[in-house]
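The chain contents come next:
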Amino acid sequence: MTRVAAIDCGTNSIRLLIADIERSNGTTALHDVVREMRVVRLGQGVDATGELAPEALERTFAATADYVRLIRDHGATKVRFVATSASRDARNRHVFVDGIRNLLGVEPEVISGDEEAALSFAGASSVLPILDGQEVLVVDLGGGSTEFVLGTASGVTAAKSVDIGCVRLTERHLRDDPPTAQQIAAAEADVDAAITRAGQDVPLERATAVVGVAGSITTITAHALGLAEYSPDAIHGAELPLDTVRAASTGLLEMPRSRRAALPYMHPGRVDVIGAGGLVWRRILEHMGELTGGRITTATASEHDILDGIALSIG
């Protein structure tokens, strides 16, 4: 077995997976050693300014320094650091890249939306196997972007990354607490336009199932399930009716932040942006129901995503 360390640095959070990769009889399995997540909001203000804020860089560098110690302590021999939407958009990303390289000793990769989509699909499909004849749409709803990835048991068929995410839409539109009807309508218009753009490259109507990954979707699933605490085991693989997921999404969107903060499964770093996450997920599922002529009636949540895909790409 090979012990690897994967780091996914997104717009809202930075996550670490240290895992042992086991290859046997043509199959590959990940065995978790450490999973960590810190909300650092690297993408703070990027949508408006086009630059990474100094305080956001400080938070990200501090979290990375903690991860370096964990990687050393657990003896990972291969490391890959991947950065996504906020870093792609920032004019001053060289400051971020230089800082991470100095801390980690590894060149951080600011990957394209297409590669982000492929890694997300690889991570989700590694633990939710796709049956022959299925075309599964994996939706990776992040802080700055959302990836639409259609694939089969053989791999990715088509993918598109669009610039809608829970941090970006919160900063752009959903400023009030709770957001006004006008703010929600403006955000929905952005989401609808982005789904249309995605549909130009990805034949969404061919999907036979929808799988959602990343923190917004797993938190919405926890809300739909009414969990007493955040439980990855309960969330992973949960297949729920579209109406149930849409109701949970709407509830979080319309809920004041003080009530969101009191929910037992809510991470403090998601309180202000989960409403936008709910809005995006709700609109995607509504579109998928319509585009497939009612064939899509449920959505499945996965706790395994781009982070697992990064780890699998290393070994």
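- Naming follows an unreviewed UniProt entry, where the chain appears as Hydrolase of Pseudarthrobacter scleromae.

Topic: the pairing of strand 6 (residues 136–141)
Now for step 1: Where burial is concerned, most of strand 6 is hidden: six out of the six residues are buried.
Now for step 2: Sheet topology places strand 6 next to strand 7 (residues 146–152); six bridges connect them, and they run antiparallel. Within strand 7, the position partnered with V138 by the bridge is V149.
Now for step 3: The hairpin formed by strand 6 and strand 7 contains four residues between the paired strands.

As for the pattern of salt bridges
Now for step 1: Enumeration according to the criterion identifies 27 salt bridges in this entry.
Now for step 2: It is possible to trace a salt-bridge network through shared partners that takes in D47, D89, D163, R168, R172 and D190.

With respect to the UniProt feature "domain: Ppx/GppA phosphatase N-terminal" (unreviewed entry) in the chain
Now for step 1: The sites that UniProt annotates as "domain: Ppx/GppA phosphatase N-terminal" (unreviewed entry) are residues 27–312.
Now for step 2: The span residues 27–312 carries 50% helix and 19% strand; its end-to-end C-alpha distance comes to 11 Å.

Some thoughts on the packing of aromatic side chains
Now for step 1: The full count for this structure, using the stated rule, is one aromatic pair.
Now for step 2: On the basis of an interplanar angle of 55° and a centroid distance of 6.0 Å, the ring pair of F81 and F96 is categorised as tilted. Linking F81 in strand 4 (residues 78–83) with F96 in helix 4 (residues 93–104), this pair joins segments that are 15 residues apart in sequence. For the pair F81 and F96, one class covers both residues: buried.

Notes on the sheet that holds strand 7
Now for step 1: With mixed pairing, the six strands of this open sheet are ordered in space as 8-7-6-9-11-10. Of all the strands in the sheet, the pair left with one neighbour each is strand 8 (155–162) and strand 10 (239–241). Each neighbouring strand pair of the sheet contributes to a mean axis angle of 25°, computed without reference to strand direction.
Now for step 2: Here seven bridges tie strand 7 to strand 8, and the two strands are oriented antiparallel to one another. Counterpart to V149 in the pairing with strand 8 is A159.
Now for step 3: Across the sheet, helix 5 (residues 113–125) lies against strand 6, strand 7, strand 8, strand 9 (209–213) and strand 11 (298–302), angled at about 55° from strand 7, the strand it touches most.

With respect to unusual backbone geometry
Now for step 1: Here the bond from D177 into P178 is cis, since omega is -5°, no more than 30 degrees from zero.
Now for step 2: Inspection of the secondary structure assignment puts P178 in the loop between helix 6 (166–172) and helix 7 (181–201).
Now for step 3: One non-glycine residue, R41, lies in the positive phi region at around 50°.
Now for step 4: Mapped onto the fold, R41 is located in the loop between strand 3 (27–39) and helix 1 (46–49).
Now for step 5: The backbone of A214 sits at a positive phi, close to 90°, despite the residue not being glycine.
Now for step 6: Here A214 lies in the loop between strand 9 and helix 8 (215–225).

Regarding the environment of A29
Now for step 1: Note on placement: A29 falls in strand 3.
Now for step 2: A sequence separation of 28 residues divides A29 from L57, and the C-alpha atoms of the two residues are 34 Å apart.
Now for step 3: Once you skip the residues sitting within four places of it in the chain, A29 turns out to touch D20, I21 and E22.

Details of the environment of V33
Now for step 1: Mapped onto the elements, V33 comes out in strand 3.
Now for step 2: Here the alpha-carbon distance between V33 and I18, two residues 15 residues apart in the chain, equals 5.4 Å.
Now for step 3: Beyond its immediate chain neighbours, meaning those up to four positions away, V33 contacts R3, I18, A19, D20 and H74.

Remarks on helix 10 (residues 242–254)
Now for step 1: End to end, helix 10 covers 18 Å across 13 residues, agreeing with the expected 18 Å (1.5 Å per residue, within 8%).
Now for step 2: If you check which residues of helix 10 are buried, you get L242, V245, A248, S249, T250, L252 and L253.
Now for step 3: Buried residues along helix 10 sit against helix 7, helix 8, strand 10, helix 11 (257–262), helix 12 (274–291) and strand 11.

Here's the deal with the nonpolar core
Side chains of nonpolar character tend, in soluble globular proteins, to be buried together.
Now for step 1: Membership of the largest hydrophobic core comes to 50 residues, with the highest contact counts inside it found for L137, F148, V210, W281 and I284.
Now for step 2: When residues of this core are assigned to their parent elements, the largest contribution, eight residues, is made by helix 12.
Now for step 3: With sequence-adjacent residues up to four places away left out, I284 is seen in contact with V139, T146, F148 and I195.
Now for step 4: The next biggest cluster of nonpolar side chains, apart from the first, holds 25 residues, and it includes A63, A83, A90 and L104.

Focus: the packing of helix 8 against helix 12
Geometry of a packed helix pair, given as the angle between the helix axes and the separation of the axes.
Now for step 1: Look at helix 8 against helix 12: their axes get within 9 Å of each other, and the N-to-C directions meet at 90°. With respect to helix 12, the element helix 8 is oriented roughly perpendicular. Residues S216, I217, T219 and I220 of helix 8 pack against I274, G277, G278 and W281 of helix 12.
Now for step 2: In terms of residue class, the contact of helix 8 with helix 12 is built from four nonpolar, four polar and no charged.

What counts as what
Residues numbered from 1 in each chain as written. Predicted model: local features only at pLDDT ≥ 70, side-chain atom pairs only at ≥ 80, totals over all residues. Heavy atoms only, no water. Buried < 20%, exposed > 50% of the residue type's maximum accessible area, 1.4 Å probe, protein only. Helix = DSSP H or I, 4+ residues; strand = E, 2+ residues; numbered from the N terminus. Pairing = 2+ DSSP bridges. Salt bridge = Lys/Arg side-chain N within 4 Å of Asp/Glu carboxyl O. UniProt positions renumbered as here; feature names shortened; annotations may be inferred. Phe/Tyr/Trp six-rings, centres within 6.5 Å; stacked < 30°, edge-to-face > 60°. Axes fitted to C-alpha atoms, helices over the stretch in contact; angles between N-to-C directions. Contact = heavy atoms within 4.5 Å. Expected span 1.5 Å × (residues − 1). Core = buried A, V, L, I, M, F, W, Y, C linked by side-chain atoms within 4.5 Å. Parallel < 35°, antiparallel > 145°, perpendicular 65-115°, else oblique. Nonpolar A, V, L, I, M, F, W, Y, C, P; charged D, E, K, R; others polar.

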